[in-house]
Amino acid sequence: MQIGISSTLPAQNLHLFQAKRASFKCRQSPLNPLTTPQNPLVSSTELTRQHLSNLDKLLQKTNQTDPELEPVIKAPSNGSVLTKGKGLLQGLNLSRIWPEMSAAEEMSPRHLNRLKRLLSKTMEYSPRNNLGSRWREYHGCNDWSGLLDPLDENLRREVVRYGEFVQAAYHGFHSNPAMSTDEAPLSRNVSLPERSYKVTKSLYATSSVGLPKWVDDVAPNLGWMTQRSSWIGFVAVCDDQREIQRMGRRDIVIALRGTATCLEWTENFRAQLVQISESDDPTQKVECGFLSLHKTPGAQVPSLAESVVEEVQRLIEMYRGENLSITITGHSLGAALSLLVADEISSCAPQVPPIAVFSFGGPKVGNKGFVDRLNEKNVKVLRIVNNQDLITKVPGVFIGEGSEQQAKHKRGDEQRNESFTSVLENNNPWAYSHVGTELRVDTKMSPYLKLNADMACCHDLEAYLHLVDGFLSMDCPFRSNAKRSLAKLIHYQKSNVKQLYTHKALSSNLERRDSFSIPI
C-alpha cells in the first residue's frame, strides 16, 4: 500500500515540503570510501586501507587538544557555562548537579556506574587465585620480595582478607564487651568473613594496673570501660578442604583487635622498655604496657600468652602431618600484641609451622634486640603503614632511626654515627625499632578521601583496607579498578570522604540502610 504525501501533510504546507524535498541530497561520509564514487577496478583491500587512513587522520586531529583542559567561558547573556572543544564531555558540569562540590571532585559520567557499585554494600573482591606451591612466598618466606611494588594481586587479596578477620574481632568485642569478674566467660559467637574458617578459641587480655577508686566515685557508670580483663580476639582454623587446596595448606589465624577500654589505653602509655622475661639477653626489650597485657592473667581467664600457646599446641598436634601455617593479624594495639604472640608461639613446639604477622597501623613494640630476636626465630612480619598515621611512629623517640639515615649521607662520620646509634639503642629507654617488611600506603593517594583527613581516619582499619585494595605501586598509588565497597568507609569516615561520594551515597539512600556494627 502506498501513502501519498498529500494524505499525510496539510495542504497549506505541501508546497514547502516539496521545495525542500527537491533540494535534499544525501550527505556522504568523508571517512567511508564506500560512500564516494570509486573506480570499479579498485580492490576491497585498498578501500579498507583508505578507510583506516581516514580514521587515523581524524583521531590525530581530535587528540591535538584535550577538551577537558579547555578554558571555561561564561556567556554574558544568561550566565550559562560553556566549554570549548568537541569532546564527549562538552558542556558537562557535575558541580551543577551537586552544587557543593569543588571542581577537583568532579567525576566523568563513565565512572558513575562504577561509583554506584562501590557505594553498594555488596562486597566484591579481587580474584581469589590458587596459591598452590607459592603459598610460602605469599606467607613471607622471602620477606615478600618482588610482591610489594607493584603489589601482587594475590598478596593484596590475602592482606585484605586477614584485615577482615581483625574487623570480625572488633565486632565480636563490641557486640558484648562486658565481662563478669565472678564467673568464667561463656563461649562467644564470632561472625567470620570466611565460612571456610571456624573459631576454636577466644582470647582475653588483662591489664596489670587498675584505676584509682576515685574514678568510680566520679564516673560510676563506665561499666566495661574500666574492666581489667576483656575479650581481645580469637583463634580460627581453616576446615574447608577446597579452601585448603586453594591455599596450599591448612591455615591457623590469630586475630587481635585494637584498644577499646580505659585500662588498655593506660597500658599503651606505659612506654618504658623492659626486658623480656624468657630472654637471657638483657638487650632484648619490649614496651612495658604491651608486655603487661600479654602476660597478665585475669581473675577468671588465663593470660593472652598462655591461651595462645595452649591452643596452638593443640592444633599442631591435631593436624600433625599436614602442611600448616600460622598467621597472626592485628590492628593498632592488636598489631603490637601480634608480635609478642608470634615471639611466644615460635618456640612452643619442636616443629612450629611457618609464622607470619600481618599488622595494620601498628606502633613500635621493642628495641633493636627484640627485632633481632624475631629475625633469629624466622618470624616474618609485613607491616601495613599509612604515611599519615601517627600511631605507627610511636612510642619512643626517633634517635636510632634518624642516626642511621644521617650515617648514609655523612660518609666521613659513618663509624662515629654507628657507634653513637649503638650506644643510644642499648642504653636509651626510648630507642624503639620497627620489625619486618613495610607496605606503605597513603591517605592522600585515595581519590575518595579528603587530603586533610583527620588522625582518626588515617588510623582507621577500614581506611587501611580501602588503601590496600586500591594500592598498585609507588608510581601508581591507587588503581582505577579497585574492588572494595565504599559503604563502610562512608559509614565510619563520612566527614573525611569527599562530598561527591557522600552526596551520591545520600541520593542512593545508603544512609537509611542497616548500619554497620564494626567499630573504628
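Residue indices begin from 1 for each chain and proceed along its sequence in written order. Only residues with pLDDT of at least 70 are given local features in this predicted model, and only at 80 or more are side-chain atom pairs given and counted; all residues enter the totals for whole chains, interfaces and linings. The basis for every side-chain value is the complete set of non-hydrogen atoms in the structure, without hydrogens or water.

Under an unreviewed UniProt entry, the chain has the name Fungal lipase-type domain-containing protein and belongs to Hibiscus sabdariffa. UniProt positions are given in the numbering used here, feature names are shortened, and annotations may be inferred rather than shown by experiment. Quoted verbatim from the Subcellular location (unreviewed entry) field of the UniProt record, the comment on the chain reads "Plastid, Chloroplast". On record in UniProt, under Sequence similarities (unreviewed entry), the comment for the chain is "Belongs to the AB hydrolase superfamily. Lipase family."

Digging into the side chain of Thr-261
A run of H or I in DSSP counts as a helix once it spans at least four residues, and a run of E counts as a strand once it spans at least two, with each numbered from the N terminus. Tracing the backbone through its elements, the reader meets Thr-261 in the loop between strand 5 (250–256) and helix 10 (262–268). Categorising residues by exposure relies on relative accessible area from a 1.4 Å probe, with only protein chains included: less than 20% of the type maximum marks a residue as buried, more than 50% marks it as exposed, and the intermediate range marks it as partly exposed. What makes Thr-261 buried here is its relative accessible area of 1%. Any pair of N or O atoms that falls within 3.5 Å is considered a polar contact. Within protein, one atom must be able to donate a hydrogen and the other to accept it, and sequence-neighbouring residues count only if both atoms are side-chain atoms. Of note is the side chain of Thr-261, whose polar atom sits 3.2 Å from the backbone nitrogen of Glu-264.

Overview of the nonpolar core
What we call a nonpolar core is a set of buried Ala, Val, Leu, Ile, Met, Phe, Trp, Tyr and Cys residues that are connected through their side-chain atoms within 4.5 Å. By size, the foremost hydrophobic cluster in this structure holds 58 residues, and its most contacted members are Leu-155 and Phe-234. With ten residues, helix 7 (residues 153–174) is the single largest residue contributor to this core. The contacts of Leu-155, once residues within four sequence positions are left out, are Tyr-138, Trp-144, Leu-147, Leu-148 and Phe-358. By size, the runner-up hydrophobic cluster in this structure holds 41 residues, among which are Leu-256, Ala-336, Leu-374 and Val-435. A contact between two residues is defined here by any heavy atoms of the two lying within 4.5 Å.

A short note on the packing of helix 13 (residues 333–345) against helix 14 (residues 368–376)
Each axis is a line fitted through C-alpha atoms, and for a helix only the stretch in contact is used; angles between axes span 0 to 180 degrees, taken between their N-to-C directions. For the pair helix 13 and helix 14, the least separation of the axes is 10 Å and the interaxial angle reads 50 degrees. What the angle tells us is that helix 13 and helix 14 run oblique. Helix-helix and strand crossings are classified by hand; for helix 13 and helix 14 the assignment is left-handed. Here Leu-339, Leu-340 and Asp-343 of helix 13 lie close against helix 14, whose contacting residues are Phe-370, Arg-373 and Leu-374. Residues that form the contact of helix 13 with helix 14 fall into these classes: four nonpolar, no polar and two charged. Oblique is the label for every angle not falling under 35 degrees (roughly parallel), over 145 degrees (roughly antiparallel), or within 65 to 115 degrees (roughly perpendicular). Crossing handedness is defined as follows: a turn of the near helix away from the far one that is anticlockwise and smaller than a right angle gives a left-handed crossing, while the clockwise case is right-handed. Residues are grouped as follows: nonpolar covers Ala, Val, Leu, Ile, Met, Phe, Trp, Tyr, Cys and Pro; charged covers Asp, Glu, Lys and Arg; every other residue, Gly included, is treated as polar.

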